[in-house]
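# Results of the structural survey
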Amino acid sequence: MFGNARLVAVVSYYTYMNTSLTSPSTATLLERYRDVRSFTEQLASRLSAEDQLVQSMPDVSPTKWHRAHVTWFFETFLLRPNLAGYEPIDPQYEYLFNSYYESVGDRQLRSERGLLSRPSNDEVQAYRKHVDAAMATLISGDFAERPDLVDLLHLGFHHEQQHQELLLMDIKHVFSRNVGHPVYAAEPDRSAANVPEFSWIEVEGGVVDIGCNVADVEFAFDNEGPKHQQVVPSFALGNRLVTNADWLRFVDDGGYTDARHWLSAGWSHINETGWNAPLYWEQCGGEWFVHTLHGFVPIDPAEPVVHVSYFEADAFARWAGGRLPTEAEWELAVGDRPTQGNLADSGHFHPVPATVVDHDGFTQLYGDVWEWTSSPYTAYPGFVVADGAVGEYNGKFMVNQQVLRGGCCATSPGHVRPTYRNFFPAHARWLFGGVRIARNVATPAPAPFPSAIFPSRDAETS
Ligand SMILES: [Fe+2]
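Residues numbered from 1 in each chain as written. Predicted model: local features only at pLDDT ≥ 70, side-chain atom pairs only at ≥ 80, totals over all residues.

### Focus: the nonpolar core
Applicable threshold: One nonpolar core equals one set of buried Ala, Val, Leu, Ile, Met, Phe, Trp, Tyr and Cys residues connected by C-beta atoms within 7 Å. Residue burial is a threshold on neighbouring C-beta atoms within 10 Å of the residue's own C-beta, all placed from the backbone, with 20 or more meaning buried, 12 or fewer meaning exposed, and counts in between meaning partly exposed. The start and end points of each domain follow an automatic or database-based domain assignment. Contact definition: two residues whose C-beta atoms, as placed from backbone geometry, lie within 7 Å.
Residues Met135, Leu168, Ala313, Phe316, Ala410, Phe432 and Val435 are the most contacted members of the largest nonpolar core, which totals 90 residues. Both of domain 1 (8–176) and domain 2 (200–461) provide at least three residues apiece to this core. Among residues more than four places away in sequence, those in contact with Val435 are Leu241, Val242, Val305, Val308, Ala313, Phe316, Ala317, Glu371 and Trp372.

### Side note on the confidence of the model for the protein chain
The test is simple: Residue-level confidence of the predictor is summarised by pLDDT, bounded by 0 at the bottom and 100 at the top.
Residues at a pLDDT of 70 or more form 91% of the protein chain, whose mean pLDDT is 90. Scored below 50 in pLDDT, residues 1–20 shows 38 contacts in the model against residues more than four places distant or in partner chains. Contacts for the low-pLDDT stretch residues 447–462, under 50 throughout, to residues beyond four places or in other chains number 10 contacts.

### Observations concerning the domain arrangement of the protein chain
What counts, and what does not: Only runs of H or I of at least four residues qualify as helices and only runs of E of at least two qualify as strands under DSSP, and these elements are numbered from the N terminus. Residues are sorted three ways: Asp, Glu, Lys and Arg are charged, Ala, Val, Leu, Ile, Met, Phe, Trp, Tyr, Cys and Pro are nonpolar, and all the rest, Gly among them, are polar.
Taken domain by domain, the protein chain holds domain 1 (8–176) and domain 2 (200–461). Elements represented by at least two residues in the side of domain 1 that touches domain 2 include exactly α1 (13–17) and α6 (147–176). Broken down by element, the residue count for the side of domain 1 that touches domain 2 peaks at 11 residues, all from α6. Tallied by class, the residues present in the side of domain 1 that touches domain 2 amount to 13 nonpolar, 8 polar and 4 charged.

### A few points about the packing of helix α2 (residues 26–44) against helix α5 (residues 121–140)
In plain terms, the rule: Where helices are involved, their axes are fitted lines through C-alpha atoms of the stretch in contact, as for all axes, and angles between N-to-C directions lie from 0 to 180°. Relative orientations are named as follows: roughly parallel for angles under 35 degrees, roughly antiparallel for angles over 145 degrees, roughly perpendicular for angles from 65 to 115 degrees, and oblique for any other angle. Put simply, a crossing is left-handed when the front helix is turned counterclockwise from the back one by less than a right angle, and right-handed when it is turned clockwise.
Orientation of α2 relative to α5, taken along the N-to-C sense of each, is 160 degrees, at an axis distance of 9 Å. What the angle tells us is that α2 and α5 run roughly antiparallel. As α2 runs across α5, the sense of the crossing is right-handed. Of α5, the residues touching α2 (which contributes Thr26, Leu29, Leu30, Tyr33 and Arg37) are Asp132, Met135, Ala136, Ile139 and Ser140. Across the contact of α2 with α5, the residue classes break down as 6 nonpolar, 2 polar and 2 charged.

### Description of unusual backbone geometry
Going from Arg118 to Pro119, the amide bond is cis rather than trans, its omega being 0 degrees. Gly225 connects to Pro226 through a cis peptide bond whose omega is -5 degrees. Tracing the sequence through the fold places Pro226 in the loop between β2 (206–210) and β3 (228–232). In the Ramachandran plot, Tyr280 falls in the positive-phi region, its phi being about 80 degrees despite a non-glycine side chain.

### Some points on the sheet that holds strand β12 (residues 422–424)
Hydrogen bonds between backbone atoms are what pair the strands of a sheet, whose relative direction is either parallel or antiparallel. What counts is decided by this rule: DSSP-based pairing: two strands are paired if at least 2 bridges between them are found.
An order of β12-β11-β10-β13 is seen for the 4 strands of this open sheet, with the pairing classed as mixed. The sheet terminates laterally at β12 and β13 (433–434), the two strands that pair on one side only. Helix α10 (residues 327–334) rests against β10 (370–376) and β11 (402–405) of the sheet, and its axis sits at about 130 degrees to β10.

Below is the structure:
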């Protein structure tokens, strides 16, 4: 266990990134490997063995499974084919901890990962140590001179970071099903909120570069490329994220009961599920409370709203007289601003109110909540699925999902980029998904927008 201090982040990452496209040294790769692996263990160390086994719904994986699966990834794609004499600690793990790789073989059903009381937590710990020792041996050889292996290692790092976020999303859902609302971590002190009044920031469009060429950067997922041009008409983007106060207005205005705001599929879904508020909101004695990783607490109106689906985000944007941005608009607006924000190393594990206007008038472009976009998750022009098992990483999921941008309070530091494309189905809301609205500039802003819908904080409290 560890206390409320900021988590020990992957401190070497920024140094590592500064090596740019030069070959990383063996020492740098080893340090990075240890940093990523130890951050997973830090996150899991707050949880008992019992906590780590629970699977609260099919989309959720037990913490123990996450810890073993990311280990399996290094073992399967790096150790087995490249370390002479490598002996798996248990051949059965190839089946138990394969996620979705058809080319690797059969696997435990995703919906039945919570049945794996064995191997025990101690055995998973031993598995991690076994693979870590072998990886140290592999990396210490001529590894740094093999760009193909270094690329796979980077993929392993970012894969494990994705699972660090999943671990937090999943344990939050697990704890939400316990009436005692267990606390994952006490929240650190917050800075004083300074949420700016909502305003539109116009962004000049044009023919713009979107995405990146994977070969030009130290690491990007294949779905971020190729870099290509898109025509993006000028548009306006909200200066800040949609807050709980904004969302309460939507709720109180009958947002969940007025079909005019909703996509047909969204309207069907909320009527089937009975949704009338974001996931984890609960009304007690006439007041709204919310389940968080630091307990069950009253809603803070100044916080960015979180755990809304694409359906809800889209309906809110329409109700507010705007729309969701496309992913190209988001990427153009963000540009090369630094990827700083409330990420997992802050120790909040929850979005916090804006404190500073830090990006030329924008707040919270990175961190706090992933921002839903109106863009379907599809291949960029020229995208080719890679040969082999790693080709299954992204390409086969390019249907029936929406792109989100910007990272969240559960995203590991060093993981998110301007071109990073997260993706989830339109109904999913156990991820830390939130909203920043956009609008066209070819037409005038809807009167009396935005002041009537997004009053200033002072007006809210007066
Ligand atoms: Fe995975």
